[in-house]
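Overview (structure and organization)
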Amino acid sequence: MLWSPVAFGLGAAGYLELKAEPSWALLVGLAAGLAILASLAGRRSTQGSGAGLSVFLVLAAFLAAGALAGKVRSHAVAAPILAGERTVMTIDGFVVDVVSPGAGGPRLLIAPVQISRLAPEDTPKRVRVTVEADDIPAPGQAVRLRAMLGPPPPPAAPGAYDFARDAWFHGVGAVGFAIGESAPATLDPPPWRLRAAMAVNAFRWRLASRIVDDMGVERGGIAAAMVTGHEAWITQEQTDAMRASGLAHILSISGLHMAIVGGFAFGLVRLLIAAWPWAALRVPGKKVAALAGLAAIGTYLVISGAPPPALRAAITATVAFAAILFDRQAITLHGLAVAALIILAVQPESAGAPGFQMSFAATAALVALAEAWPRPVREISVPWPIRTFQAVSGWLAVSIGASFVAGMATGPFAMQHFNRVAVWGLPANLAVAPLSSFVIMPFLAIGAALEPFGLGGPFLTVAGWGIGAMMWIADGFAGAGGAQRVVASGPPFTLALAFVGLMLLCLWRGRLRWLGAPLALAVALWPRPAPPDVWIAPDGATAAVRQGRAAVLLRPDARRFGAELWGRRRGLAVPESAAPSPLYACGRRSCAPTAEAPVALALSWSKTAPDAADLAAMCAQAEIVVLRGAAPPVPPACRDRVVLDADDFAVGGAAELYRRGGEWWIVWAQPLRGVRPWTGVPGR
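Structure report, in brief. (Residues numbered from 1 in each chain as written. Predicted model: local features only at pLDDT ≥ 70, side-chain atom pairs only at ≥ 80, totals over all residues. Heavy atoms only, no water.)

1. Some points on the overall build of the protein chain
Broken down by element type, the protein chain carries 23 helices and 17 strands. Taken over C-alpha atoms, the radius of gyration comes to 27 Å for the protein chain, in line with the 26 Å a tight globule of 684 residues would show. Per-residue burial for the protein chain yields a buried fraction of 46% across its 684 residues. When contacts within the protein chain are restricted to residue pairs at least 6 apart in sequence, long-range pairs at least 24 apart make up 64% of them. (Helix = DSSP H or I, 4+ residues; strand = E, 2+ residues; numbered from the N terminus. Rg over C-alpha atoms; globule rule 2.2 N^0.38 Å. Buried < 20%, exposed > 50% of the residue type's maximum accessible area, 1.4 Å probe, protein only. Contact = heavy atoms within 4.5 Å.)

See below:
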């Protein structure tokens, strides 16, 4: 049972990583055939033989079932994707929600009714648009706006996170940014499901706005994010401080928040019942408290907007409270396995999401630690000073152990996906844990519940004190020496090795579990290959080159997100300044290398390609020429140069170039993605 969700998740993740879409016949036949063989082997094992074969076939059947679930889910969410390059379009639609802001500012999730120049069958189901901070219409409003729209972005670098795949499973078929302000629109009423979703999101937005008004932007923005999931008021400085100190997980609604809210409701109701003698003798306090915990979890899930991490945490908490209702132990590895199977069956794409990988690994490690932690002997008639000392020391030991184990479990995923290591994460989390568990989240929960009635102010004030203290701690650790280190991503297979190693440590019984320790360290210890010498953006509009262990950005004020992501993945330091590098002479439309440039690369980011004479001049200065537009006939001066133009990027996407000997080798992003429903164009 414990290994079934592991096999199911590996199957779902394997489906996501395939280079070609598998056929229905193959997946259905494989899953059904293995299930039949597992059933036959199970009958044989009950007769005293073939137990090992039965276990193998059962896990193989779950592996195939995970791949099939991924196929079913991908087919169920299929929706049109905007094709072609970015262009200005007019959108008439409903604001579904205000989603997490991007690098350009706040973003709206819109359900379009009509998009100019698109037929109804080609209109995406959802569109995500970046808007100005002072032009954020509330969810539920019908709006018309002009926006520069294009398909969801491909990976920023070969092998990097595929944003288009994430958008596919969320029904987002186009992204872009608004041009000008939005205007009200007159549209027919939407379907009832969309109306219900927008009504909930409108309530969440009003609640978040009231929290910010009551607490102020500095503290209220963080409070609104922790209650409703809206991060529109969080400043970049706050985000950077929380990330550098290892506390960024507190800003996103996940298992920690669900556990605190559900646990607080459970403990409060059980305490109230125990304090009332009549109820204590007649009411099953633990089960009633579990029902209260379920109600709190469900309410919080709705108010938070049910983002995937919160939904996964709610399912896990529901399984735990249901175990209490059926007189079972609430927190066990078997309960976690059931919750993981439910999550993966509903959202098999979660297997490839960093959030699920980290939360599942951390929860498994914490539950395994809880099962192995020795139970202290409860003394009788111990003086209160000694009892207090024992309680404090015990709590401190549990906190240190839990933070250390959770950090070690999530470390490989943080290194591989985010390329950051918060050096002071353990002490920062230890310092903030009492604040978040006993001050911030409980008082935010009570304050948010009473805020619609105008009674939440005092509780929100106390929560604001806790948030202020938390930010003081975050700023202190973020400002400490070497608070954050950049770690290059390891080869893709190292993450799978680390995951299997972690599962061996958590799920295996006996001394053989320690065989998982070296596997769990695969991401951290595996030798990194030499980083590439050049990175080029998916559209050829910008590039970066490597100089030692640092990245040099040719256009530091354009497409910076992609350049920073590439630099972190390769373990390179990216300059914070947006000033042009003196190593390249850049004008309004192009850059040329100087004599000191580490790579002789010339870049033209104009959509209109240079003529033959200008192209020849670029080739005379550089050995690599990057053109955003389509290249003219290549002149003789470019015959021994690497010339990449719009046609190459349209097929290959982002590129990395390696100098090997006297030749240049190119790795394209698109072939690594393959031909899948979310990739858009065939690779080469």
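2. Here's the deal with the sheet that holds strand 4 (residues 142-150)
Pairing in this closed barrel of 5 strands is mixed, and the strands run 1-2-3-5-4 around the ring. The sheet shows a mean angle of 55° between the axes of neighbouring strands, direction not considered. Relative to strand 2 (residues 105-115), strand 1 (residues 87-102) runs antiparallel, the two sharing 9 bridges. In the sheet register, Asp-92 faces strand 2, and the bridge partner there is Gln-114. Against the sheet, helix 5 (residues 192-215) contacts strand 1, strand 2 and strand 3 (126-130), and its axis sits at roughly 55° relative to strand 1. (Pairing = 2+ DSSP bridges. Axes fitted to C-alpha atoms, helices over the stretch in contact; angles between N-to-C directions.)

3. Let's talk about the environment of Pro-376
Here Pro-376 lies in the loop between helix 13 (354-372) and helix 14 (384-418). Here Pro-376 falls in the exposed class, since its relative accessible area comes to 66%. A C-alpha to C-alpha distance of 10.0 Å links Pro-376 and Gln-390, two positions 14 residues apart in sequence.

4. Considerations on the pattern of salt bridges
Summed over all chains, the structure comprises 16 salt bridges. With a closest N to O distance of 2.8 Å, Arg-676 and Glu-21 form a salt bridge. Of this pair, Arg-676 sits in the segment after helix 23 (669-673) while Glu-21 sits in the loop between helix 1 (4-17) and helix 2 (24-45); the two residues are 655 residues apart in sequence, bridging distant segments of the chain. Owing to a relative accessible area of 5%, Arg-676 belongs among the buried residues under this scheme. (Salt bridge = Lys/Arg side-chain N within 4 Å of Asp/Glu carboxyl O.)

5. Let's talk about the nonpolar core
Among the nonpolar cores identified, the biggest contains 46 residues, and Met-242, Met-258, Leu-444, Ile-467 and Met-470 are the most heavily contacted of them. Mapped by element, the contributors of at least two residues to this core are helix 5, helix 6 (217-228), helix 8 (255-275), helix 10 (285-303), helix 11 (308-325), helix 15 (425-450) and helix 16 (457-478). Ignoring sequence-local partners within four residues, the contact set of Met-470 consists of Ile-222, Met-242, Ile-250, Val-432, Leu-435 and Ile-440. The next biggest cluster of nonpolar side chains, apart from the first, holds 37 residues, and it includes Ala-337, Ala-339, Ala-409 and Ala-498. (Core = buried A, V, L, I, M, F, W, Y, C linked by side-chain atoms within 4.5 Å.)

6. Comments concerning the side chain of Ser-581
Relative to the assigned elements, Ser-581 resides in the loop between helix 20 (560-569) and strand 11 (584-586). With a relative accessible area of 17%, Ser-581 lands in the buried category. Residues in contact with Ser-581, not counting those within four places in the same chain, are Val-552 and Leu-553.

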